[in-house]
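An overview of the molecular structure
Here is what each chain is made of, one letter per residue.
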Amino acid sequence: MNQTPLKDEVLILGGGVAGCAASIALARKGRSVTLIEREPTPRHKVCGEFLSGEALEDLHALGIDLASLGAAPIDYVRLAAARRAAEAPLPFPAASLTRKALDTALIGEAVAAGVRVERGRSVQALGRATGNLWQAMLDDGTTYEAPTVFLATGKHDLRGHARPKDPQRWVAFKMYFRLTPAQAAELARASELMLYPGGYGGIQPVEGGIANLCCVVQQRYFARVGNRWENFLAKMQQDCPHLAMRLAGAEPLLAKPISVTHIPYGYIRRATEKGLYCIGDQAAVIPSFTGDGISIALHTARCAAAAYLAAEPAPLFQAKLRSGLLAQMRLAEFAADGLNNALARAVLPFALRVWPGVMRVTAKLTRVAQSAAIPLHAVVS
Ligand SMILES: Cc1cc2nc3c(=O)[nH]c(=O)nc-3n(C[C@H](O)[C@H](O)[C@H](O)COP(=O)(O)OP(=O)(O)OC[C@H]3O[C@@H](n4cnc5c(N)ncnc54)[C@H](O)[C@@H]3O)c2cc1C
């Protein structure tokens, strides 16, 4: 065990989207940054892997070349439920890329920017040391101290800094499939959203000619199919024949799906302590169907880095971030409830008729910021 705490100017806990983005921004401004990431190498994460227009812009600014990573362009969204489907063009450029590829590129960019990246090391606890310092205790007993910490552990809460429990007890899955050539051609450049009782899912192409199926369901609905993925997959296809058509003849590419539970959708952090900037899913968790979690992670990272560099205290930053995100988060929750209610009340045919118009408005309003969008071909060919 190392008894002498290691010290740095800024400590970033979690090397996903938000942690990497913040570390790159700070290191580029000459700050000394240590980033601690528990995975030794990036791995698959439960995520729909849709990158919205704002995410594309932020990633471009961070130096991530999405075109060379093979990101798939996405031009329109389809909503499918029961036997009906409706389609709308996206009002902004979008793309999709596996998290493994994205996280690998971000970690590489952080290293290139001069961030000290500690991989394969897990933070067990974060508390106060003496003299206004924060102290992070790692699984091997090592301690790191810094006056400023960015909390970016995503879905995973640190002891003493947990977010509230998720009352719906969401369960989420991701699975990759190789579709038949005909189905892959039908899905090309589209993100398809499927509705079914107790949740929703999405399927879209990612790089390498494969498709990502990512879905969420409330635990009580998952229990009805015996808490088994195979049964849930069959039930989704039964409830949504559009998905059955997409997956006919498809080859699953993972031995089993990746899953995660307890997602506190709608959470926005109210307050923080001096020197502790909370970003990404530790700041706000937007319903997944918006495909906006990554752009929010990048946005919160950029805002937190700017706040720190401008000597804005963390509690003030967190309060401003909350009020800036509130309307977008509430609208996303409202839209999620609206879709579920439409399904429950069997008014889906009507919902599907108005979907293209609603989608265009909602997609615009649920973005983190109105931006002078760079054309997609600038980032994805
Ligand atoms: C079902 C589902 C579908 C989604 N689909 C989309 C989508 O299509 N598009 C989109 O934009 N967003 C989507 N999201 C949201 C998106 O995945 C998240 O909002 C985003 O990943 C948040 O970034 P982050 O940096 O906060 O967390 P992450 O990217 O999860 O990074 C957190 C990092 O912290 C590390 N870590 C955790 N605990 C510790 C510890 N104790 N010590 C050290 N390291 C630690 C983890 O290993 C991880 O690398 C989806 C989410 C879900 C649940």
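Just above, that's the structure.
This report concerns the structure included in the present document. Note that the structure is a prediction, hence the values are computed from the model and not measured. (Residues numbered from 1 in each chain as written. Predicted model: local features only at pLDDT ≥ 70, side-chain atom pairs only at ≥ 80, totals over all residues. Heavy atoms only, no water.)

1. Let's talk about the overall build of the chain
- The number of helices and strands found in the chain is 11 helices and 18 strands.
- Within the chain, the fraction of its 381 residues that count as buried is 56%.
- In the chain, 73% of the contacts between residues at least 6 apart in sequence involve partners at least 24 apart.
- Accessible surface computed for the chain: about 16,000 Å², of which carbon and sulfur atoms make up 55%. (Helix = DSSP H or I, 4+ residues; strand = E, 2+ residues; numbered from the N terminus. Buried < 20%, exposed > 50% of the residue type's maximum accessible area, 1.4 Å probe, protein only. Contact = heavy atoms within 4.5 Å. Areas by Shrake-Rupley, 256 points an atom, 1.4 Å probe, with all protein chains shown as cover.)

2. Some remarks on the packing of aromatic side chains
- The full count for this structure, using the stated rule, is 13 aromatic pairs.
- Aromatic pair Phe173 and Phe222: ring centres 5.2 Å apart, planes at 55°, arrangement tilted. Placement of Phe173 in strand β12 (residues 170–178) and of Phe222 in helix α6 (residues 219–224) is noted, with a sequence separation of 49 residues between them. Residues Phe173 and Phe222 agree in their burial class; the two are buried.
- The residue whose ring lies beneath Arg224 is Tyr221, and the NZ or CZ to ring-centre distance is 4.3 Å. (Phe/Tyr/Trp six-rings, centres within 6.5 Å; stacked < 30°, edge-to-face > 60°. Lys NZ or Arg CZ within 6 Å of the ring centre and 35° of its normal.)

3. A closer look at the packing of helix α1 (residues 17–28) against helix α9 (residues 293–309)
- Their axes nearest at 8 Å, the elements α1 and α9 cross at an angle of 35°. The two elements α1 and α9 meet at a crossing, and its hand is right-handed. Residues Val17, Ala18, Ala21, Ala22, Ala25 and Leu26 of α1 touch α9, and the partners they reach there are Ile294, Ala297, Leu298, Ala301, Ala305, Tyr308 and Leu309.
- Considered class by class, the residues forming the contact of α1 with α9 number 13 nonpolar, no polar and no charged. (Axes fitted to C-alpha atoms, helices over the stretch in contact; angles between N-to-C directions. Left-handed = near helix turned anticlockwise from the far one by under 90°. Nonpolar A, V, L, I, M, F, W, Y, C, P; charged D, E, K, R; others polar.)

4. A few points about the site of the ligand
- Near the ligand lie 38 residues; those nearest to it are Glu37, Gly48, Arg99, Asp281 and Ile294.
- Contact distances for the ligand include 2.9 Å between a nitrogen atom and a backbone N or O atom of Val123.
- Protein chains bury 95% of the 1,000 Å² of accessible surface belonging to the ligand in isolation.
- Counting only elements with at least two residues in the shell around the ligand, the list comes to α1, β3 (33–37), β15 (210–218) and α9.
- Considering every element that reaches the shell around the ligand, the biggest residue donor is α9, with three residues.
- Partitioned by chemical class, the residues of the shell around the ligand number 16 nonpolar, 12 polar and 10 charged. (Near = heavy atom within 4 Å. Polar contact = N/O pair within 3.5 Å; in protein donor to acceptor, adjacent residues only side chain to side chain.)

5. Thoughts on the packing of α1 against helix α4 (residues 99–113)
- Interhelical geometry of α1 versus α4 gives an angle of 20° and a closest axis separation of 9 Å. Between α1 and α4, the interaxial angle falls into the category roughly parallel. The crossing of α1 and α4 is left-handed. Along its contact with α1, which presents Val17, Cys20, Ser23, Ile24, Ala27 and Arg28, the element α4 presents Arg99, Leu102, Asp103, Leu106, Ile107, Glu109, Ala110 and Ala113. (Parallel < 35°, antiparallel > 145°, perpendicular 65-115°, else oblique.)

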